[in-house]
Amino acid sequence: MTYVLVDRPDPGIVVITLNRPERMNAMAFDVMVPFRAALQEAGEDPSVRAVVVTGAGRGFCSGADQESAGVPPGVEGLPPASYALRAMGLLEDVVLTIRRLPQPVIAAVNGPAIGGGLCLALACDLRYAAPTAYFRAAGINNGLTASELGLSFLLPRAIGSTRAAEMMLTGADVGAEEAARIGLVSSVADDVLGAAVAAGRRVAELSQPGIELTKKSIQAGLAASSLEAHVTSEGLGQLYVRLLTDNFEEATLARKEGRSPVFRDRR
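All of the points below concern the structure found in this document. (Residues numbered from 1 in each chain as written. Predicted model: local features only at pLDDT ≥ 70, side-chain atom pairs only at ≥ 80, totals over all residues. Heavy atoms only, no water.)

### Considerations on the side chain of D65
For clarity, the cut-off: Secondary structure elements are taken from DSSP: a helix is a run of H or I of four residues or more, a strand is a run of E of two residues or more, and numbering for both begins at the N terminus. Only protein chains enter the accessibility calculation, which uses a 1.4 Å probe; a residue whose area is less than 20% of its type maximum is buried, one above 50% is exposed, and one in between is partly exposed. Throughout this description, a polar contact denotes any pair of N or O atoms lying within 3.5 Å of each other; where both atoms belong to protein, one of them has to be capable of donating a hydrogen while the other can accept it, and for residues adjacent in sequence the pair is counted only when both atoms sit in side chains. Residue contacts are defined here by distance: any two heavy atoms, one from each residue, within 4.5 Å place the two residues in contact.
Mapped onto the fold, D65 is located in the loop between β3 (50-55) and α2 (80-100). Taking the relative accessible area as the measure of exposure, D65 reaches 7% and is therefore buried. For D65, the side chain forms a polar contact with the side chain of R23, separated by 2.9 Å. There is a polar contact of 3.0 Å between the side chain of D65 and the backbone nitrogen of E67. Dropping the residues within four chain positions of it, D65 is found in contact with R20, R23, A26, M27 and A28.

### Quick look at α2
Rules: Between the first and last residue of a helix there are one fewer steps than residues, each counted as 1.5 Å, and that sum is the expected span.
Here α2 is 21 residues long and its end C-alpha atoms lie 30 Å apart, about the 30 Å a rise of 1.5 Å per residue gives. Along α2, the positions that sit buried rather than exposed are A87, L90, L91, D93, V94, V95, T97, I98 and R99. Where α2 is buried, its residues touch α1 (29-43), β4 (105-109), α3 (116-123), α4 (151-159) and α8 (208-223).

### Notes on unusual backbone geometry
Non-glycine residue M24 carries a positive phi angle of around 50°. Secondary-structure assignment places M24 in the loop between β2 (13-18) and α1. Even without glycine at this site, N25 takes up a positive phi of about 55°. Of note, N25 is situated in the loop between β2 and α1.

Structural data, given as structure tokens:
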């Protein structure tokens, strides 16, 4: 069975679907290794302007597969501690791959996003939820910590430290409507994949370097130690696009002519 499906609904949009619905798309290595490869392939394709991630069946991703996780590559002969480190490192690299992609990554959360599934959704730049979706920081319910795969970094930055602490310390479920209210997702949509693809289409209409630099500056801003440390890099990105393309002139002309701009991303 193919555990990861790749579709191209529009020339500039790639949809990557976790396809193990009988296990609610749990993070088995047979799923995560091709998922990472599909992300990397999309990231390296200059024609791809946005990437959408979703799940098959009734779940987005249920996190760690506790029954049939499979075996990560390159671990034969390792002692248990090293095996565990390599396994965790592979899952961490999936999250980091999403963050490193030059294109925006949009999560179409079609159902439960639990544990590592919540982390995958948070790694994405935009999130939309189906009415049946819910989110759970599951580690604390399993006698572990709730902190995994970047959750303690990403979640407070998405919804604030108090809300993040509530989710992570109680392990309580957050439904789709509540997730939208607290800013965990942008909105709730019956056709969640359609909403995510529509957002991707909007991204594809805009300046490619402008979008890529905006993604980088958002991430840099979240990690910055101070405003002073961040504004210079922001300004350099703005100047880069302003001086090397005629996008600004095109936007101005398009407004005067009452039409949508067509950005060439060059002079």
